[in-house]
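# An overview of the molecular structure
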Amino acid sequence: MAVGGTPIVEPRHKLWGGETIEVAEARDERAEPSAAENIPLQVVYEDDSLLVIDKPAGLVVHPGNGNWCGTLLNALLHHVAQIEKVPRAGIVHRLDKDTSGLMVVAKTLAAQTDLVRQLQARTVKRHYQALARGNLEGGGTIDAPVGRHPTLRTRMAVVANGRPARTHYRGLESFIGCTLIECALETGRTHQIRVHLTALGHPLVGDPVYGRALGGVPQGPCFPRQALHACRLSLTHPDTGRAMSWKSALPDDMALLIETLRQETRLLAAGVNACEGLCDEASDVRNAARDINPGSKGICGDDCCDELPDEQ
């Protein structure tokens, strides 16, 4: 601020009338173009039209409050120079910061338009693996509308006036206190899998937002993020019309946790006190998971295209 051309730093500076006041507009990061940043990407597939990446947990997809740099969008601007001409740097769907797995990015406007149409037509197939708290046997379909939580506006919830959302799930393997499941999305609402499974009474292991206070369900093992990974992605190539599909193995932190859970389950089945045999391994899982995702917050059981905006 300046009064009569003189910068003012004293908050109690008096005005006598007739002065000219100049106020410099504060820097608005939202109005500034995103910069290209040399952030490593794990590229699964790339051609002139498409880029499929395996996003690590901890990487924010799009700049937003508190994350104006260091995002996937910044990385894409560095990796593909011409992608700055494509809206949102070719991003057509999103994964939540602490969700890992496959994402497709359009490198041209034509490819982006085609992919958005495929998402709207629900022909893009997205499959996830997750650890759900409690014993979730068999499978089924959750058909429940998802929208903003009526009071906690930063969260989503199953609400009557929400947008249609459908998630198919099936149990893959049962452990003590949790179940490895696979989910397939028909729609892609924000936090859809996390919200639907919480509504079902089986929130995700390690989810810091949903289901922490849910009673009557085991807390599950310690894990520093929601145990959710986008493992398969299928779509039609925008240029060739050829059906394409990609797979992604579980990231190290989830794979380590699942292997420890398997050992615990085998020991209990053999009549061994798993707590004695696995307390050190459980500690190793917590430490290894934090090493793999150093930016994640620890979540312990004891402490415990509309398509574009959608995150899991």
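Conventions we followed
- Residues numbered from 1 in each chain as written.
- Predicted model: local features only at pLDDT ≥ 70, side-chain atom pairs only at ≥ 80, totals over all residues.
- Heavy atoms only, no water.
- Phe/Tyr/Trp six-rings, centres within 6.5 Å; stacked < 30°, edge-to-face > 60°.
- Helix = DSSP H or I, 4+ residues; strand = E, 2+ residues; numbered from the N terminus.
- Buried < 20%, exposed > 50% of the residue type's maximum accessible area, 1.4 Å probe, protein only.
- Pairing = 2+ DSSP bridges.
- Salt bridge = Lys/Arg side-chain N within 4 Å of Asp/Glu carboxyl O.
- Expected span 1.5 Å × (residues − 1).
- pLDDT = per-residue confidence, 0-100.
- Contact = heavy atoms within 4.5 Å.

On to the packing of aromatic side chains, then. All chains considered together, the criterion is met by 1 aromatic pair. Measuring from ring centre to ring centre gives 5.5 Å for tyrosine 45 and tryptophan 246, while their planes differ by 45 degrees; the resulting arrangement is tilted. Here the residue tyrosine 45 occupies a position in strand β4 (residues 43-46), and tryptophan 246 occupies one in strand β14 (residues 243-247), the gap between them amounting to 201 residues. Accessibility expressed as a relative area gives 8% for tryptophan 246, which makes it buried.

Moving on, we come to the pairing of strand β7 (residues 125-133). The buried fraction of β7 is high, at 8 of 9 residues. Of the strand pairs in this sheet, β7 and strand β13 (residues 228-236) are connected by 6 bridges, and their pairing is antiparallel. Directly across from glutamine 129, in β13, lies its bridge partner histidine 229.

With that out of the way, let us pick up the pattern of salt bridges. Throughout the structure, instances matching the rule amount to 11 salt bridges. Linking glutamate 186 and arginine 166 is a salt bridge whose minimum nitrogen-to-oxygen distance equals 3.6 Å. Remark: arginine 166 occurs in strand β11 (residues 166-174) and glutamate 186 occurs in the loop between β12 (178-185) and α3 (192-199); sequence separation between them is 20 residues. You can call arginine 166 partly exposed: its relative accessible area is 30%. Across the pair arginine 262 and glutamate 259 runs a salt bridge whose closest N-O atoms are separated by 3.8 Å. Here the residue arginine 262 and the residue glutamate 259 both occupy positions in helix α4 (residues 252-269), the gap between them amounting to 3 residues, near one helical turn. Residues joined by salt bridges that share partners form a network here, namely Glu173, Glu259, Arg262 and Arg266.

Attention now goes to α4. Each turn of an α-helix holds 3.6 residues, which means side chains three or four residues apart point in the same direction. With 18 residues, α4 extends 26 Å from end C-alpha to end C-alpha; this agrees with the ideal 26 Å at 1.5 Å per step. Downstream of α4 by one or two residues, glycine 271 has phi in the positive range, about 80 degrees.

Further remarks concern α3. Across the 8 residues of α3, 7 count as buried, placing the element largely inside the fold. Within the span of α3, buried status applies to Gln192, Ile193, Arg194, Val195, His196, Leu197 and Thr198. Two residues or fewer past α3, glycine 201 is found with a positive phi of approximately 95 degrees.

Quick look at the sheet that holds strand β1 (residues 2-3) now. Strand order across the open sheet formed by 3 strands is β2-β1-β3, with antiparallel pairing between neighbours. The sheet terminates laterally at β2 (6-7) and β3 (21-22), the two strands that pair on one side only. Two elements, β1 and β2, share 2 bridges in a ladder whose sense is antiparallel. Note on β2: the bridge partner recorded for alanine 2 is proline 7.

The predicted coordinates should not be examined in detail at positions where pLDDT is low. In this model, the chain carries an average pLDDT of 88, and 85% of its residues clear a pLDDT of 70 or more. A low-confidence stretch, residues 296-307 stays under pLDDT 50, and its non-local contacts, those more than four residues away or across chains, total 34 contacts.

As judged from the 2 bridges shared by strand β6 (residues 100-106) and β13, these two strands associate in the parallel manner. Counted as the bridge partner of glycine 101 is alanine 230 from β13. As paired strands, β13 and β14 are joined by 5 bridges and run antiparallel to one another. Bridge pairing links leucine 233 to tryptophan 246 in β14.

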